[in-house]
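# Structural characterization, general
For reference, the chains in residue letters:
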Amino acid sequence: MTKVIGILGSTNTNGLTAQMLKAVLRGAEEQGCVTEMIHLSELSLKLTPSGEKNDILDALSDRLIAADCLVLASPTYWGDASGLMKNFLDCMRSKLLAFNQKGETMPGDFKGKGYVLLTSCYTKKRQNRWSGITDPTFTTMDKPLGTAGMNGLGEEVCTDTFGKTILPSSKEEDCIQLGRQIPKKLNKGGFTMKRYIQLFFMLAVTVLIVMGIQKGLSSLGIMSLTNFWLNYLVFVLLTYILLSGLLHYFAVKKHKR
């Protein structure tokens, strides 16, 4: 049976971030998953020297290793994840990774497991979409889990939270739906056909735009389509610039709002 553990990196156990996490877990439960919620504010986690025994961390690590998917939820403070979440990830470093005799890192016992990331922030929806206020929060949580060989299954953002105490119903439904998808995405190893379809259309649109630009430059007499190498060079450069921009937008900027 699939087990999903939620990890709350906030001292407000009833706040909007906590409500997002509970909604995701509820969605997972609807699909038959066994769920559990851990409040980092209730744990006395601290870094210990390498090799020194840490009973609290060992017990927590054992609980997390038994899960198939971890759901990390942290509010965005000062443009990054909360101190509680950062401390948790720092303390878990020796559990997430294995080290060879040269000190090089390798995925540890969490390799192949899934993870979902959640955050909330005061920033308005449109401002967050274009400025990426929550991007560093996701990066802080994503980097150690990805390095550990885990598969990202999805993420969710709740913006414009100032003064609010109840999660908007539309955002709650988004979180529930995200939780419902966890078992299915776990079976696919975090990859879905949707990603390949998106990549195909991004490539198709990019090539169409580049061909249009080249034709326009040719009609203006700026370049000749009969010059193979010039045509090839312009095509490669424009395709690279446009495609990298699209990939950056979809992979980094376009979180679900």
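Read on for a plain summary of the structure. (Residues numbered from 1 in each chain as written. Predicted model: local features only at pLDDT ≥ 70, side-chain atom pairs only at ≥ 80, totals over all residues. Heavy atoms only, no water.)

### Quick word on the overall build of the chain
- Across its full length, the chain holds 10 helices and 8 strands.
- C-alpha extents for the chain along the principal axes are approximately 75 × 50 × 35 Å.
- Counting only residues that meet the buried cut, the chain has 38% of its 257 residues in that class.
- When the accessible surface of the chain is summed, it comes to about 14400 Å², and 59% of that surface belongs to carbon and sulfur atoms.
- Averaging the coordinates of the 30 positive side-chain charges in the chain and doing the same for the 21 negative ones gives two points 9 Å apart. (Helix = DSSP H or I, 4+ residues; strand = E, 2+ residues; numbered from the N terminus. Buried < 20%, exposed > 50% of the residue type's maximum accessible area, 1.4 Å probe, protein only. Areas by Shrake-Rupley, 256 points an atom, 1.4 Å probe, with all protein chains shown as cover. Lys, Arg positive; Asp, Glu negative; His and termini not counted. Charge placed at Lys NZ, Arg CZ, Asp CG, Glu CD.)

### Side note on the packing of aromatic side chains
- All told, the structure shown has 5 aromatic pairs when counted by the stated rule.
- Residues F228 and W229 carry aromatic rings whose centres are separated by 5.0 Å and whose planes lie at 80° to one another, so their mutual orientation is edge-to-face.
- Of the residues examined, W229 reaches a relative accessible area of 63% and is grouped as exposed.
- Residue classification places F228 among the exposed positions, given a relative accessible area of 54%. (Phe/Tyr/Trp six-rings, centres within 6.5 Å; stacked < 30°, edge-to-face > 60°.)

### A look at the side chain of S82
- Topologically, S82 is positioned in the loop between strand 4 (80-81) and helix 3 (83-91).
- Setting aside residues up to four positions removed in sequence, S82 forms contacts with G9, S74, P75 and Y77. (Contact = heavy atoms within 4.5 Å.)

### Considerations on the nonpolar core
- Core analysis: the largest hydrophobic core is formed by 28 residues, its most contacted members being I7, L64, L70, L72, M85 and F88.
- Of all the secondary structure elements, the ones that give two or more residues to this core are strand 1 (3-8), helix 2 (55-65), strand 3 (69-77), helix 3, strand 7 (114-120) and helix 6 (135-147).
- For this core, the element with the most residues is helix 3, which contributes 4 residues.
- Non-local contacts of F88, meaning those with residues more than four positions away in its chain, are made with I7, L40, L45, L60, L64 and L72.
- L8, L25, A73 and C175 belong to the second largest nonpolar core, which has 23 residues in total. (Core = buried A, V, L, I, M, F, W, Y, C linked by side-chain atoms within 4.5 Å.)

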